[in-house]
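The chain contents come next:
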Amino acid sequence: MYTQGLDAPDPERAVAATAAGAGPEARFQERVDAEEKIEPKDWMPEGYRQTLIRQISQHAHSEIVGMLPEGNWITRAPSLLRKTILIAKVQDEGGHGAYLYSAAETLGVSREELIEQLLSGKAKYSSIFNYPTPTWADVGAVGWLVDGAAIMNQIPLCRCSYGPYARAMVRVCREESFHQRQGYEIMLRLAKGTAGQRQMAQDALDRWWWPSLMMFGPSDTDSKHSAQSMRWKIKRFSNDELRQKFVDFTVPQADYLGLKVPDPELRWDEAASGYRFGAIDWTEFNDILKGHGPCNRERLEARRKAHAEGAWVREAALAYAAKHRPTAERAA
Ligand code: BYC
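None of these values were measured; they are calculated from a predicted model.

Enquirer: Explain the overall build of the protein chain to me, please; I cannot follow it from the model alone.
Expert: A tally of helices and strands in the protein chain yields 15 helices and two strands. Whereas a compact globule of 332 residues would reach a radius of gyration of roughly 20 Å, the protein chain reaches 22 Å, a difference of no more than 12%. Overall, the protein chain is about 70 × 55 × 30 Å in size when its C-alpha atoms are taken along their principal axes. The 332 residues of the protein chain split such that 47% are buried. Within the protein chain, contacts between residues at least 6 apart in sequence are counted, and of these 77% link residues at least 24 apart. Side chains of the protein chain carry 43 positive and 44 negative charges; the gap between the two charge centres is 4 Å.

Enquirer: Looking at this structure, how should I read the site of the ligand?
Expert: Around the ligand, 36 residues are found, and the nearest of them are Gln 58, Lys 124, Ser 223, His 225 and Lys 235. At 2.5 Å, a side-chain N or O of Lys 124 approaches an oxygen atom of the ligand. In the complex, 93% of the free accessible area of the ligand, which totals 1100 Å², lies under the protein chains. Contributing elements (two or more residues each) for the shell around the ligand: α3 (46–65), α5 (80–105), α7 (136–154), α8 (163–191) and α12 (282–289). Among the residues forming the shell around the ligand, the class breakdown is twelve nonpolar, 14 polar and ten charged.

Enquirer: I tried to follow the packing of helix α6 (residues 111–119) against helix α13 (residues 296–309) on my own but got confused; where do I start?
Expert: For any two helices packed against each other, one specifies the crossing angle of their axes together with the interaxial distance. Packing of α6 against α13 brings their axes to within 9 Å, and their N-to-C directions diverge by 140°. Here α6 lies oblique to α13, going by the angle between them. The segment α6 lies against α13, with Ile 115, Leu 118 and Leu 119 engaging Leu 300, Arg 303, Arg 304 and His 307.

Enquirer: Help me understand the side chain of Glu 70 in this model?
Expert: Here Glu 70 is to be found in helix α4 (residues 67–71). Overall, Glu 70 belongs to the buried group, its relative accessible area being 2%. Setting aside anything within four residues of it in sequence, one finds Glu 70 in contact with Leu 86, Lys 89, Val 90, Val 139, Val 142, Gly 143 and Gln 182.

Enquirer: I keep staring at the packing of aromatic side chains and nothing clicks. Help me out?
Expert: The description of two aromatic rings rests on the distance between their centres and on the angle between their planes. Within this structure, the stated rule accounts for ten aromatic pairs. Grouping aromatic residues by their ring pairs yields a cluster made of Phe 28, Trp 43, Tyr 48 and Trp 232. Between Arg 76 and the ring centre of Trp 73, over which it is positioned, the NZ or CZ distance is 4.0 Å. Residue placement shows Lys 245 over the ring face of Phe 237; its charged tip is 4.4 Å from the ring centre.

Enquirer: I tried to follow the side chain of His 61 on my own but got confused; where do I start?
Expert: Considering the arrangement of structural elements, one finds His 61 in helix α3. Taking relative accessible area as the criterion, His 61 reaches 0% and is therefore assigned buried. Apart from residues lying up to four places away in sequence, His 61 is in contact with Gly 66, Tyr 101, Leu 114, Leu 118, Ala 123, Lys 124 and Tyr 125.

Enquirer: How do you make sense of empty space enclosed by the protein when you look at a structure like this?
Expert: In this approach, a probe sized like a water molecule rolls over the atoms, and the result shows the empty space that is left. Using the criterion set out here, one finds two cavities of 30 Å³ or more in the structure. The volume enclosed by the second largest cavity comes to roughly 30 Å³. Around the second largest cavity, the lining residues are Val 32, Glu 35, Glu 36, Lys 37, Arg 159, Cys 160, Ser 161 and Arg 236. Class assignment of the residues belonging to the lining of the second largest cavity gives a composition of two nonpolar, one polar and five charged.

Cut-offs and rules
Residues numbered from 1 in each chain as written. Predicted model: local features only at pLDDT ≥ 70, side-chain atom pairs only at ≥ 80, totals over all residues. Heavy atoms only, no water. Helix = DSSP H or I, 4+ residues; strand = E, 2+ residues; numbered from the N terminus. Rg over C-alpha atoms; globule rule 2.2 N^0.38 Å. Buried < 20%, exposed > 50% of the residue type's maximum accessible area, 1.4 Å probe, protein only. Contact = heavy atoms within 4.5 Å. Lys, Arg positive; Asp, Glu negative; His and termini not counted. Charge placed at Lys NZ, Arg CZ, Asp CG, Glu CD. Near = heavy atom within 4 Å. Polar contact = N/O pair within 3.5 Å; in protein donor to acceptor, adjacent residues only side chain to side chain. Areas by Shrake-Rupley, 256 points an atom, 1.4 Å probe, with all protein chains shown as cover. Nonpolar A, V, L, I, M, F, W, Y, C, P; charged D, E, K, R; others polar. Axes fitted to C-alpha atoms, helices over the stretch in contact; angles between N-to-C directions. Parallel < 35°, antiparallel > 145°, perpendicular 65-115°, else oblique. Phe/Tyr/Trp six-rings, centres within 6.5 Å; stacked < 30°, edge-to-face > 60°. Lys NZ or Arg CZ within 6 Å of the ring centre and 35° of its normal. 1 Å grid on protein atoms, 1.4 Å probe; cavity = no way out; pocket = protein on both sides within 12 Å on 5 of 7 lines; lining within 4 Å. Points joined across faces, edges and corners; volume = space filled by probe spheres on them.

In structure tokens:
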């Protein structure tokens, strides 16, 4: 299935581990437990490789599809400054997708195969990008909440056991931090503006709050991959732990904006030193994962159209690369 031939275990490492009395899996786990980074040519269990391909490629697809809801506002941003900031942000997301596809390729899967999985609807991408952005305030809410949730999830990924993913995340997180601030600053301007602008900000918070909590994935009791991913130190925190950190971090920010989080059950719990919040509507989440969210169809159609319209660019780039390859390489 994978095209670059990296699936095979590294025989030298496996032999060394066996000579030391441990099987390759046990030796691998020892390296992970010792916080050694696993690199592409190192021996790794097939399940580890597959888990990383799944997570990194879903992450890459999320960045690429995630360009659409905000990209929708580039032509309508309310000033030239807002437009330039938004273009930079959306372009950064495209860059994140590119690093992440490269990180996935180090595991022996081709980018073409991954993109085909996205376009055919086989691959997942983050549920959050299947919601619409009907007003400018939604651009603020996406930056504040969606990028805020992304940072919460991705800072621990900078310590992921797989080297290429961990290193890609360092740059991604720096950029996400700028994205979160630009979103919060849009919300702040609206919240301190006219009554109409405050209402726009509140409506956007109402739309994005619950979907942002869903971004962290199913609750710990339903998360099928978390336990193993945490043993392999791909994930460092469970979905519920990160969701709780996000709520604790974000509610005071909403208070500062003078906006109300749309959860009647939200309250500070002194004993737990955190906020208690209401139940998440997992039916909505599961419907989106099955392709029935408000924008699933539109998002995939937009990506298919972009891919088809970009065919000539890929052909031209390949033709240029073939023409300019060193003569010796061409003869080989
Ligand atoms: N949406 O066992 P679980 C961004 C799936 S983009 C859809 O907990 P895992 C940005 C999950 O894949 C940020 N599917 O899984 C871009 C699994 O399905 P499969 C995107 C979800 O992997 C542009 C099943 O549910 N971030 O920041 O241990 C503009 C069971 O879940 C979702 C990442 O991708 C979801 N929300 O944990 C602005 C971060 N949640 O594969 C911003 C990297 C779960 O078995 N990914 N599923 O069919 C991760 O950290 C983990 O993959 C997750 C899920 C926490 C998301």
